[in-house]
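A look at the structure
Given next are the chains, with one letter for each unit.
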Amino acid sequence: MVNKERLWNHIMELGKIGESTDKKKGLTRLVFTPEEDIAKNLVKSYMVDAGLTVMEDAAGNLIGKRIGKNPDLPVIMLGSHIDTVFRGGKFDGALGVLSAIEVARALKEKDIKLSHTLEVVSFTDEEGARFSTGMLGSQAMTGNLDRDMLERKDDQGITLKEALTDAGYDPDKLTDAQRSKGSIAAYLEVHIEQGKVLEKSDLSVGVVSGIAGPRWFRITLRGESGHAGSTPMDLRRDPMAAAAEILTHIEAIAGEQRNTVATVGQFTVEPGGINIIPEKVSFSLDLRDEDLENRRIAEEKIKETIAEIVDRRGLEVDYQLLHNLDPVKCDPVLVKLALEASKKREIPTTTLVSGAGHDSLNLAGIAPIAMIFVRSRKGLSHRPDEWSTKDDCYDGARLLYETVLNVDRELQ
Ligand SMILES: [Zn+2]
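Predicted, not measured: the structure shown is a model, and the values here were computed from it.

Some remarks on the side chain of H358
- Looking at the element boundaries, H358 is found in the loop between β15 (351-354) and α10 (359-363).
- Given a relative accessible area of 1%, H358 falls into the buried group.
- Of the polar contacts made by the side chain of H358, one reaches the side chain of S354; its length is 3.4 Å.
- Beyond its immediate sequence surroundings of up to four residues, H358 is in contact with E126, M135, E189, H191, Q194, M371 and F373.

What follows is the structure in structure tokens.
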């Protein structure tokens, strides 16, 4: 069986790597750094202990394999990541990799041979904190590689391409990591929720029904600057006042739809003087929903509202699309098998939407996916104090174990 203490010890042990001596600063494990290297070696040793055959693909994804009775069947893949954001915590990513290894170890200890080959993957650079990128490993594996990101630089001016080369990888051969559609029977990922739904519902774990796709814009409003003292209110074309009006509408429009979320996280005002009416205001918009149509409707409403406000105030507006990922539905069969597993193990659960993107988003392009969320204390993540309890982590791992058995049995 999945071993609660061992799983917890692994989480704590891995969580020491990259940890600052100042606890408030959490831990930082960025891609292609000594900390990541040490962490990878530790995870590799856990994989070996779990009876997995370990290899690394062309994109640096660490893969542990347990050959099935019928090696011709597509594989069941479990995974997540071990890189972190700057000053992150012990659970984001690590929990998924370590739960997957624990499942493999439990299979070994019970001497259960699955029909499918099982692969446990620690994906390269999911967070993308060092180069402001993300999901390098899963992009390469799914043939989704954004080659422009190889030119992005870290704080020191080193490009991702250079870092890859220094770490011994060939940037031109990243696509060797690619898997074909149909070669993966199911991709399952355990992850901390990074939200408050489970805590509010008093549940340790949840089964994800879909992953909301982010769509990012930079919206720029142009008006006319002028003297704050000598320009009467009725003669102003003030983009800042318009932005304030727009923001309240964005909040309201997202709030009208059940799963839509909209966030303005960046704001710049030019010229930015205390006694100058701004000439230009630009702000970001992050819009998400698990349903593409709902996201489209929200975007349309926001743009209609902005058009009306801009028109009324005599301003100009310009939209720049910065990033777009379509939402992904989890595979209904896998979701059903996970829910059945929770019943069998008597772990109460619910279905919920993932607001954050994960490697699963990429995997969904070539395989059926499902995710299991583990309750996050206060919904916090990407912070030193992100936390999930030992019992909750255990529930996540044993639900994964039981789900794997179901999937192996049902998908033949
Ligand atoms: Zn993560």
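Observations concerning the domain arrangement of the protein
- Parsing the protein into structural domains produces domain 1 (4-212 + 328-410) and domain 2 (213-324).
- Across the contact, nine residues belong to domain 1 and seven residues belong to domain 2.
- Contact between domain 1 and domain 2 buries roughly 560 Å² in total, counting both sides, with carbon and sulfur atoms accounting for 50%.
- Its largest share of buried area at the contact with domain 2, domain 1 owes to A212, K329 and V353, together 66% of the area lost on that side.
- Our count for the contact surface shared by domain 1 and domain 2 stands at zero salt bridges.
- Remark: the boundary between domain 1 and domain 2 carries three residue pairs in polar contact (both at pLDDT 80 or more).
- Counted by class, the side of domain 1 that touches domain 2 contains four nonpolar, four polar and one charged residues.

Remarks on the pairing of strand β6 (residues 205-211)
- Along β6, six of the seven residues are buried, which leaves the element largely enclosed by surrounding structure.
- In terms of strand pairing, β6 meets strand β16 (residues 369-374) through three bridges, oriented antiparallel. Bridge pairing in β16 places V207 opposite I372.
- In the sheet, β6 pairs with β15 via four bridges, with the strands oriented parallel. Residue pairing in the sheet places V207 in a bridge with T351 of β15.
- In this structure, β6 lies alongside strand β14 (residues 328-329), joined through two bridges in antiparallel fashion. Residue pairing across strands places G210 opposite K329, the latter belonging to β14.

Each value, and the rule that gives it
- Residues numbered from 1 in each chain as written.
- Predicted model: local features only at pLDDT ≥ 70, side-chain atom pairs only at ≥ 80, totals over all residues.
- Heavy atoms only, no water.
- Helix = DSSP H or I, 4+ residues; strand = E, 2+ residues; numbered from the N terminus.
- Buried < 20%, exposed > 50% of the residue type's maximum accessible area, 1.4 Å probe, protein only.
- Polar contact = N/O pair within 3.5 Å; in protein donor to acceptor, adjacent residues only side chain to side chain.
- Contact = heavy atoms within 4.5 Å.
- Domains from an automatic or database assignment.
- Buried area = accessible area lost by both parts, 1.4 Å probe.
- Salt bridge = Lys/Arg side-chain N within 4 Å of Asp/Glu carboxyl O.
- Nonpolar A, V, L, I, M, F, W, Y, C, P; charged D, E, K, R; others polar.
- Pairing = 2+ DSSP bridges.

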